[in-house]
Every structure is written in structure tokens, then in C-alpha cells.
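# Breakdown of the fold
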Amino acid sequence: MKAHLTRRYWFAASHRLHSEKLTAEQNREVYGKCNNPYGHGHNYALEVTVSGPVAQDTGFVMNLPELDQVVKEQVLERFDHQNLNFVVEFRDVVPTTENLCISIFEILKRKMSGVHLDKVRLEETSKNSFEVVWE
Amino acid sequence: MTVYLTRKCEFSASHHYHNPAFTAEENQRTFGKCNNPHGHGHNYTLEITVKGDVDPTTGFVVDLKKLKDIMEREVVEAMDHRYLNHEVPEFKNQIPTTENIAIAIWKRLETKLNVAKLHRVRLYEMQDLWVDFYGEA
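Parameters at a glance
- Residues numbered from 1 in each chain as written.
- Chains lettered and ligands numbered in written order.
- Predicted model: local features only at pLDDT ≥ 70, side-chain atom pairs only at ≥ 80, totals over all residues.
- Helix = DSSP H or I, 4+ residues; strand = E, 2+ residues; numbered from the N terminus.
- Buried ≥ 20, exposed ≤ 12 C-beta atoms within 10 Å, placed from the backbone.
- Contact = placed C-beta atoms within 7 Å.
- Expected span 1.5 Å × (residues − 1).
- Bend = angle between axes of the 7 residues up to and from the residue.
- Core = buried A, V, L, I, M, F, W, Y, C linked by C-beta atoms within 7 Å.
- Pairing = 2+ DSSP bridges.
- Axes fitted to C-alpha atoms, helices over the stretch in contact; angles between N-to-C directions.
- Parallel < 35°, antiparallel > 145°, perpendicular 65-115°, else oblique.
- Left-handed = near helix turned anticlockwise from the far one by under 90°.
- Nonpolar A, V, L, I, M, F, W, Y, C, P; charged D, E, K, R; others polar.
- pLDDT = per-residue confidence, 0-100.

## Concerning the overall build of chain A
For chain A, the helix and strand inventory stands at three helices and five strands. The linear arrangement of helices and strands in chain A, starting from the amino end, is β-α-β-α-β-α-β-β. Judged by the C-alpha coordinates and their principal axes, chain A covers about 60 × 25 × 25 Å. The buried share among the 135 residues of chain A stands at 25%. Considering only residue pairs separated by 6 or more positions, chain A has 67% of its internal contacts joining residues 24 or more positions apart.

## Here's the deal with helix α2 (residues 64-79) of chain A
Given 3.6 residues to a turn, an α-helix orients residues that are three or four positions apart in the same direction. Residues and elements named next belong to chain A. The end-to-end C-alpha separation of α2 is 21 Å, in line with the 22 Å expected for 16 residues at 1.5 Å each. The largest bend in α2 amounts to roughly 45° and is located at K72. Those residues of α2 lying buried are L67, V71, V75 and F79. Tucked into the core, α2 has its buried residues touching β1 (2-15), β2 (40-53), β3 (82-83) and α3 (97-111).

## A short note on helix α4 (residues 98-112) of chain B
If you check α4(B), its first and last C-alpha atoms are 21 Å apart, about what 15 residues at 1.5 Å a residue would give, namely 21 Å. When α4(B) is considered as a whole, its buried residues turn out to be T98(B), E99(B), N100(B), I101(B), A102(B), I103(B), A104(B), I105(B), W106(B) and R108(B).

## Section: the nonpolar core
The tendency in soluble globular proteins is for nonpolar side chains to be buried side by side. If you look at the biggest cluster of nonpolar residues, it comprises 50 residues, and the most contacted ones within it are A3(A), I104(A), A102(B), I105(B) and L123(B). Top contributing element to this core by residue count: α4(B), with six residues. Among residues more than four places away in sequence, those in contact with A102(B) are A3(A), V121(B), L123(B), V131(B) and F133(B).

## Comments concerning the pairing of strand β5 (residues 129-133) of chain B
For β5(B), a buried count of four out of five residues is recorded, marking the element as mostly surrounded by other parts of the structure. For β1(A) and β5(B), the ladder comprises four bridges, and the chain directions are antiparallel. Across the sheet, residue T6(A) finds its bridge partner in β5(B), namely W130(B). In terms of strand pairing, strand β4 (residues 117-126) of chain B meets β5(B) through five bridges, oriented antiparallel. Along β5(B), the bridge assignment pairs L123(B) with V131(B). The loop that links β4(B) with its antiparallel partner β5(B) comprises two residues.

## Focus on the packing of helix α2 (residues 64-79) of chain B against α4(B)
Packed helices, taken two at a time, are described by their axes: the angle between them and the distance between them. Residues and elements named next belong to chain B. At a minimum axis separation of 10 Å, α2 and α4 run at an interaxial angle of 135°. On the basis of their axis angle, the class for α2 and α4 is oblique. Both α2 and α4 take part in a crossing whose hand is right-handed. Facing α2, whose interface residues are I70, E74 and V75, α4 presents I105, R108, L109 and K112. Here the contact of α2 with α4 is built from residues that sort into four nonpolar, no polar and three charged.

## Regarding the interface of chain A and chain B
Think of interface size as the accessible area that goes away when the parts come together; that is how it is often given. Contact with chain A, which involves 16 residues of that partner, is made by 19 residues of chain B. The element that contributes the greatest number of residues to the side of chain A that touches chain B is β1(A), accounting for seven residues. Among the residues making up the side of chain A that touches chain B, the classes are represented as seven nonpolar, five polar and four charged.

## Overview of the packing of α2(A) against α3(A)
All names here are of chain A. The contact between α2 and α3 brings their axes to 10 Å, and the two run at 135°. Classified by the interaxial angle, the pair formed by α2 and α3 is oblique. Where α2 crosses over α3, the two elements pack in a sense that is right-handed. On α3, the residues touching V70, Q74 and V75 of α2 are I104, I107, L108 and K111. When the residues that make up the contact of α2 with α3 are grouped by side-chain class, the tally is five nonpolar, one polar and one charged.

## Details of the confidence of the model for chain A
Looking at chain A as a whole, its pLDDT mean stands at 96, while 100% of the residues score no less than 70. When mean pLDDT is taken per element in chain A, β1(A) scores highest with 98 and β3(A) scores lowest with 96.

## Thoughts on the environment of D132(B)
Within the secondary structure layout, D132(B) lies in strand β5. Residue class for D132(B) comes out buried when judged on the 20 C-beta atoms lying within 10 Å of it. Spatially, the C-alpha atoms of D132(B) and E47(B) are 9.4 Å apart, while their sequence positions differ by 85 residues. Once you skip the residues sitting within four places of it in the chain, D132(B) turns out to touch A3(A), H4(A), R120(B) and R122(B).

Set out below in C-alpha cells:
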């Protein structure tokens, strides 16, 4: 039987939303406070959903320590307590939460084995969240 | 028009993970602390989502009182303040992981839920860990 398992993680990072393709005025207009020159930070809540058949011998879709290890090594260690604008993934990409969510999905998709990555959901604050779903 | 309705309830239970076909070392390696022989417990949060058309007379997808009673009778009374491995029949020969508990709850409700169509069982073992089961084979 197929079940879907979701685990929630946390990391903290700073960013500044600024596009080189826009003028200073346009950047202020589009990004508002998020364009302030020295950046600002968030506590991001990350939800990773994987699915697959429940193994007969363990009762698991995936052994949690394995999932924790992949997320820790590939995502948390990469982004936690970093200024996202200085992380290689965002050298040429604006570190909006949309782009961060896509980046995390792509990273995990490459590294996940034996289960299907259904969804990455990222909360920037308790009032806004973003999802990338395998389609 | 299909509307989805979710009802939540809570129960507390203990369990441990152990596969008798594994050696002691394999059990320890696979299940870690969850293999401790005398078990440990969680406060589980269960969300049951049903779906259906809105009844033109009542404006309801489901009579909530009836849904609540079925959840209480079929799940909470059977599992609340129980040691799942020893006291719930589904787990006599099956490890009570969150995945398997969610599937067991689906099976219990599917046959008894005569008031609406079951859409999803979501079971939180804790705030940061949950399983969804949609009845998929």
C-alpha cells in the first residue's frame, strides 16, 4: 500500500530581493522592503513529502534517519545561517522563496533514492508558503 | 460541487518497533530508539477528510456529529491510552509505524463510514512528522 510521509525541518537565512535586470527604482517598486540593501532574514520551515509502498518488513515508506540525513547534508547545511544571495545557487537568480523552493526540490530530486519526492513546501513566515509538486 | 471536510481528533498511545524476523542487531540498526523493548508513546493527531456534494437541504457534506461518533468509536476508543503492539489486533503481526497505523485507521473507517466518502487519513505522530494515506494500493 502506498503512503505519503511528510517531515518538517527548520533553517534560518537572510536574503535581499534585487534583480540586476531592473533599475534601482523598479527594484524598490517590485520588492519594497525586501530590496533594502543589507537584506533581512527569516526562519524557514521546510516540509518534504515522499511517497512509496510501505515496506512489509519495516512498516516504513522510508527510514527517517535516511531522510533526515539527506535533508541535513543537502539542504540545511547548504542554506542554514547563510546569506542566500551569496550561495552559489543564487549567483544569477533572485533568492525569492519561490526560487528557493524550486532549488531545494531540484537538489532533493537528484539525491533521493528508493522513494518518490512528492512535494517540497516552504514557509517563509507563518503567513506565506510556497510549494513545488512533482508534475 | 465536491467539497472536502476535515475533522480532527487526538489520541495518546505507546508502541515499539520490532520485526521478529530480524536479528537483535538488525532491529536496533533499523529502528534505533524505537526498538526499545518496553516502548514509548506519542500524542497522535488524526485528521479525517471526507468528500462529497453539499446536501441542498442541510448545506452539509456530512453530519459532523455522526462523523465524530464514528471516529471516536472506531479509532479513539480502540487506540487511546493503549499499547498498540499488545492491545490493538492489527498490530499483533504488523509493526505499528505511523504508516501502518494510518492504513489501519483507513480500513477501520472505510467499512464503517456510511455517512460520507473517505478521502484522506492524515496521522501526525508529532508536529513535524505525519503520514497521509489515500487508500492507494
